[in-house]
Amino acid sequence: MADSPRADPRLTTPSFLVLGFIDQLGEASPYDIKGAAASTVAPFWSMPHAQVYAQCDRLVAAGLLSESRQAGGRNRRLLKLTPAGRAALQEWLADSTFVPVEARERGILKLWFGGRPEVHSPVQLEAHHRTLAEYEELAEEVGELLTRGQREALEFGIRYERMMIDFWQWVEQRGE
C-alpha cells in the first residue's frame, strides 16, 4: 500500500479521533478504537460505533492508514498510521485555529422548546453532580498517570460539570 494519499479524504474531527487513537495504540482494530474512545474521550467527544468503522475505511482508502489481518483468532483488521497519516495528524495537532463549541445539551434544547424547568432541573442537577463526582474521583485515582493534555481534558470535564450545576441551580432558583 502506498504511503501517499490516493484521494482527498476531507478529514474531519472524527477522522483525527481515529488517527489519534491509532497513533496512541500503535496498531488497533476498529473495535479497539471504539473501546478506547468510549473509555476516554466520550464525555467530551462522542462518536457512534458505525462512524468509527466508516472512518477507518475512508482513511485506509485515502492511504492514511495501512491495514493487515490479525494472525489466527478472529482475523481482525489491524490498522497502523502510514507516514502520510502521521503527517496529517501532526499537522492537525499543530493547527490552533479556533472552532466554536457546539454544545449539545438535550435539557437545554427542551427548555428552548417549552420544557418545564421544574421538571428538568432536578434531573439535570442529579446527573451533573454524579458526573462531576466521577470525574473528580478519576482525577484523584489516576490524575498523576495522565499526560498533561489528558489531565487538562479531564479538568475541562470537571469545570464543565461545575458550570452545568451552576446553570441548573440558576434555572431552579428563577422558578422560586
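Residues numbered from 1 in each chain as written. Predicted model: local features only at pLDDT ≥ 70, side-chain atom pairs only at ≥ 80, totals over all residues. Heavy atoms only, no water.

### Examining the pairing of strand β2 (residues 77–81)
Burial of β2 is extensive: 4 of the 5 residues sit out of reach of the surface. Bridge analysis of strand β1 (residues 65–69) against β2 gives 5 bridges, and the strand direction is antiparallel. Looking at the pairing, glutamate 67 lines up with leucine 79 of β2. (Buried < 20%, exposed > 50% of the residue type's maximum accessible area, 1.4 Å probe, protein only. Helix = DSSP H or I, 4+ residues; strand = E, 2+ residues; numbered from the N terminus. Pairing = 2+ DSSP bridges.)

### Focus on the packing of helix α2 (residues 30–39) against helix α3 (residues 49–61)
Remark: α2 packs on α3, axes separated minimally by 9 Å, with the N-to-C direction vectors making an angle of 135°. Judged by the inter-axis angle, α2 sits oblique to α3. With respect to the hand of their crossing, α2 and α3 are arranged in right-handed fashion. Every residue of α3 that contacts α2 at Pro30, Tyr31, Ile33 and Lys34 is listed here: His49, Val52, Tyr53 and Cys56. Counted by class, the contact of α2 with α3 contains 6 nonpolar, 1 polar and 1 charged residues. (Axes fitted to C-alpha atoms, helices over the stretch in contact; angles between N-to-C directions. Parallel < 35°, antiparallel > 145°, perpendicular 65-115°, else oblique. Left-handed = near helix turned anticlockwise from the far one by under 90°. Contact = heavy atoms within 4.5 Å. Nonpolar A, V, L, I, M, F, W, Y, C, P; charged D, E, K, R; others polar.)

### A look at the pattern of salt bridges
Tallied over the full model, the rule gives 11 salt bridges. Put simply, aspartate 23 and arginine 86 hold a salt bridge, and the shortest N to O gap is 2.6 Å. Of this pair, aspartate 23 sits in helix α1 (residues 13–25) while arginine 86 sits in helix α4 (residues 83–94), placing them 63 residues apart in sequence. You can call aspartate 23 partly exposed: its relative accessible area is 31%. (Salt bridge = Lys/Arg side-chain N within 4 Å of Asp/Glu carboxyl O.)

### Brief notes about the confidence of the model for the chain
For the chain, per-residue confidence averages 89 on the pLDDT scale, and residues scoring 70 or more make up 95% of the total. Across the chain, the secondary-structure element scoring lowest on mean pLDDT is α2, at 90, and the one scoring highest is α4, at 96. pLDDT under 50 marks residues 1–5. Its contacts with residues more than four places away, or in other chains, come to 16 contacts. (pLDDT = per-residue confidence, 0-100.)

### Some points on the environment of valine 18
The residue valine 18 is located in helix α1 in this model. Using a relative accessible area of 0% as the deciding quantity, one classes valine 18 as buried. As for valine 18 and isoleucine 33, which are separated by 15 residues in sequence, their C-alpha atoms are 6.8 Å apart. Setting aside residues no more than four positions away along its own chain, valine 18 makes contact with Ile33, Met47, Val52, Gln55, Cys56, Leu59 and Leu65.

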